[in-house]
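An overview of the molecular structure
These are the residues of each chain, in order.
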Amino acid sequence: MSERSDQSATGILGTIEAPGDLRRLSPEQLTLLAAEIRDFLVAKVSRTGGHLGPNLGVVETTLALHRVFDSPRDRILFDTGHQAYVHKIVTGRQDGFDLLRQRGGLTGYPSRAESEHDFIENSHASTALSYADGMAKAFALRGEERHVVAVVGDGALTGGMCWEALNNIAAAKKPLVIVVNDNGRSYAPTIGGLADHLSTLRLNPGYERVLDLVRNALGSTPVVGKPAYEVLHAVKKGIKDAVNPQAMFEDLGIKYIGPVDGHDIPAMESALRRAKGFHAPVIVHAVTRKGYGYRPAEDDEADCLHGPGAFDPQTGALTAKPSVKWTHVFAEELVAIADERPDIVGITAAMAEPTGIATLAKKYPERVYDVGIAEQHAATSAAGLAMGGLHPVVAVYATFLNRAFDQVLLDVAMHELPVTFVLDRAGITGPDGPSHYGIWDMSVFGVVPGLRIAAPRDAATLREELREAVAVEDGPTIVRFPTGSVAVDLPALRRVGPVDVLREEDRKDVLLVAVGSFAKLGLEVAERLAEQGYGVTVVDPRWVRPVPIELVGLAGAHRLVVTLEDGVRAGGVGDAVAATLRDAGMTVPLRDFGVPAGFHPHGSRAEILASLGLTAQDIARDVTEWVSRLDDPAAERQPTS
Ligand SMILES: Cc1ncc(C[n+]2csc(CCOP(=O)(O)OP(=O)(O)O)c2C)c(N)n1
Ligand SMILES: CC(=O)[C@@H](O)[C@H](O)COP(=O)(O)O
Ligand SMILES: [Mg+2]
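For every chain, the first residue of its written sequence is number 1, and the numbers climb from 1 along that sequence. Chain letters start at A and ligand numbers start at 1, both assigned in the order the entries are written. Whole-chain, interface and lining totals are the exception, using all residues; otherwise, since this is a predicted model, local features are given only for residues with pLDDT of at least 70 and side-chain atom pairs are given and counted only at 80 or more. By convention in this description, side-chain values take in all heavy atoms of the structure and omit both hydrogens and water.

If you look the protein chain up in an unreviewed UniProt entry, it shows as 1-deoxy-D-xylulose-5-phosphate synthase from Couchioplanes caeruleus subsp. caeruleus. UniProt positions are given in the numbering used here, feature names are shortened, and annotations may be inferred rather than shown by experiment. Per its UniProt entry, the protein chain bears the Subunit (unreviewed entry) comment "Homodimer."

1. Remarks on the packing of aromatic side chains
Pairing of aromatic side chains requires ring centres within 6.5 Å, counting the rings of Phe and Tyr and the six-membered ring of Trp. Pairs whose planes differ by under 30 degrees are stacked, by over 60 edge-to-face, and all others tilted. The tally for this structure, following the rule as stated, stands at 7 aromatic pairs. Ring plane angle 80° and centroid distance 5.3 Å describe the contact between Phe-40 and Phe-97, whose orientation is recorded as edge-to-face. Placement of Phe-40 in helix H2 (residues 27-48) and of Phe-97 in the loop between helix H5 (85-89) and helix H6 (128-141) is noted, with a sequence separation of 57 residues between them. You'll find Phe-40 and Phe-97 in the same group, each marked buried. Aromatic pair Phe-330 and Phe-481: ring centres 6.2 Å apart, planes at 40°, arrangement tilted. Taken together, the residues span a long stretch of sequence, with Phe-330 in helix H14 (residues 326-340) and Phe-481 in the loop between strand S11 (477-480) and strand S12 (494-496) at a distance of 151 residues. Of the aromatic side chains, those joined through ring pairs into one cluster are Phe-40, Tyr-85 and Phe-97. The ring of Phe-139 has Arg-146 sitting right over it, with the charged end atom 4.4 Å from the ring centre. To qualify as a helix, a DSSP run of H or I must reach at least 4 residues; to qualify as a strand, a run of E must reach at least 2; elements of each kind are numbered from the N terminus. Exposure is judged per residue with a 1.4 Å probe applied to protein chains only, and the accessible area is read against the type maximum: over 50% gives exposed, under 20% gives buried, and values in between give partly exposed. Put simply, a charge is over a ring when the Lys NZ or the Arg CZ is close to the ring centre, within 6 Å, and near the line of the ring normal, within 35 degrees.

2. Some words on the coordination of the magnesium ion (ligand 3)
All of the protein donors around the magnesium ion (ligand 3) are Asp-154 (OD), Asn-183 (OD1) and Arg-185 (O); their distances to the metal are 2.0 to 2.2 Å. Metal donors: N, O and S atoms at distances within 2.8 Å, or within 3.2 Å for Na, K and Ca, with water omitted from the atom set so that some sites may seem incomplete. Counting residues between consecutive donors of the magnesium ion (ligand 3) along the chain gives the motif D-x28-N-x1-R. Of the two residues, Asp-154 sits in the loop between strand S2 (148-153) and helix H7 (160-172) while Asn-183 sits in the loop between strand S3 (176-182) and helix H8 (193-203), which places them 29 residues apart along the sequence. Asn-183 carries the same exposure label as Asp-154, and that label is buried.

3. A closer look at the UniProt feature "binding site: thiamine diphosphate" (unreviewed entry) in the protein chain
Under the UniProt annotation, "binding site: thiamine diphosphate" (unreviewed entry) lies at His-82, Ser-123, His-124, Ala-125, Gly-155, Ala-156, Asn-183, Tyr-294 and Glu-375. What stands out for the annotated residues spanning 294 residues is how far apart their C-alpha atoms range, the widest pair being 31.6 Å apart. Considering the arrangement of structural elements, one finds Ser-123 in the loop between H5 and H6. Those residues in contact with Ser-123, other than ones at most four positions away along the chain, are Thr-80, Tyr-109, Ser-435 and His-436. There is a polar contact of 2.6 Å between the side chain of Ser-123 and the side chain of Ser-435. Residue position: Ala-156 is located in the loop between S2 and H7. Here a residue-residue contact requires only that any non-hydrogen atoms of the pair lie within 4.5 Å. Contacts of Ala-156, omitting those with residues within four sequence positions, involve Asp-79, Thr-80, Ala-125, Ser-126, Cys-162 and Ile-373. Polar contacts here mean pairs of N or O atoms no more than 3.5 Å apart (in protein, one a potential hydrogen donor and the other a potential acceptor; neighbouring residues in sequence count only if both atoms are side-chain atoms).

4. A few points about helix H4 (residues 59-68)
For H4, the tally of buried residues reaches 10 of 10 residues, placing the bulk of the element in the interior. Among the residues making up H4, those that are buried are Val-59, Glu-60, Thr-61, Thr-62, Leu-63, Ala-64, Leu-65, His-66, Arg-67 and Val-68.

5. Some details on the site of ligand 2
Near, as used in this document, describes a residue that has one of its heavy atoms within 4 Å of the molecule or strand being considered. In the vicinity of ligand 2, the contacting residues are His-51, His-82, Tyr-109, Tyr-187, His-306, Tyr-397, Phe-400, Arg-425, Asp-432 and His-436. Contact between ligand 2 and Tyr-397: an oxygen atom at 2.6 Å from a side-chain N or O atom of the residue. A distance of 2.6 Å separates an oxygen atom of ligand 2 from a polar side-chain atom of His-436. Only the protein chains shown count as covering a residue, and every accessible area follows the Shrake-Rupley method with a 1.4 Å probe. Computed on the free molecule, ligand 2 has an accessible area of 360 Å², of which 82% lies beneath the protein chains in the complex. Gly is put with the polar residues, along with every residue not named as nonpolar or charged; the nonpolar set is Ala, Val, Leu, Ile, Met, Phe, Trp, Tyr, Cys and Pro, and the charged set is Asp, Glu, Lys and Arg. Of the residues that constitute the shell around ligand 2, the class distribution is 4 nonpolar, 4 polar and 2 charged. Of the domains in this structure, domain 1 (12-204 + 254-299) and domain 3 (326-480) are the two that each give at least three residues to the shell around ligand 2. Each domain's extent was defined by an automatic or database domain assignment.

6. Quick look at the site of ligand 1
In the neighbourhood of ligand 1, 22 residues make up the surrounding shell, with His-82, Ser-123, Gly-155, Lys-290 and Glu-375 lying closest. Within the side chain of His-82, a nitrogen or oxygen atom sits 2.7 Å from an oxygen atom of ligand 1. Residue Asn-183 places a side-chain N or O atom 2.8 Å away from an oxygen atom belonging to ligand 1. Protein coverage of the free-state accessible area of ligand 1, which is 580 Å², stands at 98%. Grouping the constituent residues of the shell around ligand 1 by class yields 7 nonpolar, 10 polar and 5 charged. No fewer than three residues from each of domain 1 (12-204 + 254-299) and domain 3 (326-480) sit in the shell around ligand 1.

7. Section: the nonpolar core
Within the largest apolar cluster, 51 residues are counted, with the highest numbers of intra-cluster contacts made by Leu-401 and Phe-421. In terms of residue count, helix H17 (residues 375-387) provides more of this core than any other element does, 6 residues in total. Counting only domains with at least three residues in this core, you end up with domain 3 (326-480) and domain 4 (496-630). Setting aside anything within four residues of it in sequence, one finds Leu-401 in contact with Val-396, Val-408, Phe-421, Leu-423, Phe-445 and Ile-478. Counting 50 residues, the second largest nonpolar core, distinct from the first, contains Leu-30, Leu-106, Val-179 and Ala-297. For the purposes of this section, nonpolar cores are sets of buried Ala, Val, Leu, Ile, Met, Phe, Trp, Tyr and Cys residues that join through side-chain atoms within 4.5 Å.

8. Topic: helix H21 (residues 459-470)
The span one expects for a helix is its residue count, reduced by one, times 1.5 Å. Between its first and last C-alpha, H21 extends 17 Å over 12 residues, near the 16 Å set by a 1.5 Å rise per residue. Turning to H21, its buried residues number three or more, namely Ala-459, Thr-461, Leu-462, Glu-465, Leu-466, Ala-469 and Val-470. For H21, the arc enclosing every buried residue in end-on projection is 155°, short of the 170-degree limit, so these residues lie on one face. The distance from a side-chain oxygen at the start of H21 to the backbone nitrogen of Ala-460 is 3.2 Å, and the residue carrying that oxygen is Asp-458. This arc is built from the directions going out from the helix axis to the C-beta atoms.

9. Topic: the sheet that holds strand S14 (residues 510-514)
For two strands to be treated as a pair, DSSP must find no fewer than two bridges joining them. Taken together, 6 strands build an open sheet; the order of strands is S12-S13-S15-S14-S17-S18 and the sheet is mixed. The open sheet terminates on both sides in strands that have one partner only, identified here as S12 and strand S18 (590-595). Neighbour to neighbour, the strand axes of the sheet diverge by 25° on average, direction disregarded. Sheet topology places strand S17 (residues 560-568) next to S18; 5 bridges connect them, and they run parallel. From the neighbouring strand, Leu-564 faces S18, where its bridge partner is Phe-593. Here helix H26 (residues 616-631) sits on the sheet in contact with S14, S17 and S18, set at roughly 150° to S17. Convention adopted: a line fitted to C-alpha atoms gives each axis, helices being fitted over their contacting stretch, and angles between N-to-C directions are expressed from 0 to 180 degrees.

This is the structure in structure tokens:
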């Protein structure tokens, strides 16, 4: 058998250890390899969960990229990075997929610790073109002949940073290849004028193809030298004028190649080689299909199996048992509120389904706005909606609101506008890693004057605090809750102002202030301390910013105050409670437990919390140490961990 057929017999994928191995493959072998990679992706991701649809859509494009460019000397950047699995497969990491997105295993995004081929670890969209602009300028200044390629999705292109970058890329005129991976979707179909423009390009007969026809026609007549150039240029100009809606990019000063079939490796290679040869900023518009080659993903109308949990590879059906998620509770209550209040409108940043806003959109489509992946615009557009007499509910993942801090601070809060931000995936999330952890909001937004933050502990308080939030008319509110299944309802014994008392005893040793979903953890800690004879009062403040003044009176009756929060300690609720007690002249000692500010490695939520000492056992041990110091201050003590 020829060497080729040997390889196809053993599976070509098994022979690919580095991008260079791709360059020796024939077109037939590349087609086989693409099929093997698809089988690999479905087999692996069906077990671990992960971003299946996006990666099925970039198999051929990624193979073409690594055949045309010389990574890592040439930099291949992925915007958002969730579509870099194929890149990982061809850069020596096939074996890591059994532990994809699991503690100690491959991350779901590029990772510099994993490979010299990886650069951008931030999974927030719309950043790659800015990185690319900077890298291209740096290589030019250092006189380094190397290419920078950024792969950016049509969804990511709806983010404002992309346009800031394009403006600069055009001005800098440095060699830079931008591959627009246009599958027409974020989760749902991508919205907006840009999406419409891209679809015009996608649908247009392909002036590239028309141009090729003309080139071929010209090629048959012996026109050489300058006349040929002039003829071809005139024809090209004519064609461009006739069929060239891509003027938008070219008017920016960025060349445009496309639309190209992103699933046609030779066509993509040809376009990329042309782009590489331009030595100037150039867009290669690749038209792809999210979920391509796997029917359950292709047919999934919601999001083409964008990021499923584990699933049956035969059917694409999720294998996890359905449960009531925090998101579902929010979505249902929002519709109930909207039924009563016509001023309530919803805003999503290209994530209607994952945030639950889709439920409102189904009943009131005219009262929901999908702004694309544009959280800054979402916040200030919400300010405009509020100025127009409405009460917008902006539903985003907690981590994604970080980038809209200035808009929340000045466009919303300084104008004292009634906007409610609902932050899903607040706290430690897990598999998506540090740029997805929603751990910053209570610190970052806690400093915003006039902004109130609620942290429900269960479904009942989520419903209640959402209603309280949309009832606020003189400023913004945040309601934040974690990922996953909603907590079991934890009824209060009594309420002191906004503060719910969840547990109390005659003995008043410790006041334990448990924030949001950490209420259950607080009760578990109290149980452990009670076994040692300590009297623990557990309270849920419900509204954590501003700190309820009622905590001062409660603290005064106890010997030690402990705070627990699923957010960074620095500037968090613990710090705010300490400042409130200090301002009230209280000297009761306070110990705060939260997430240390840092970029903590991915894993399951439970694994990460355990690694940070945020378990009932660890906290009870530390609190016992602190309380026993109060009993016997003279005793020599080892500092707790
Ligand atoms: C700032 C920000 N907001 C929201 C998200 C959540 N998110 C992850 S992927 C995605 C859709 C990206 O669409 P596109 O860029 O077209 O890539 P595709 O998944 O289609 O390949 C979104 C909204 C994010 N990662 N970053
Ligand atoms: C890449 C991205 O930002 C999203 O796809 C994210 O991974 C979704 O997270 P959930 O799985 O928690 O919805
Ligand atoms: Mg897309």
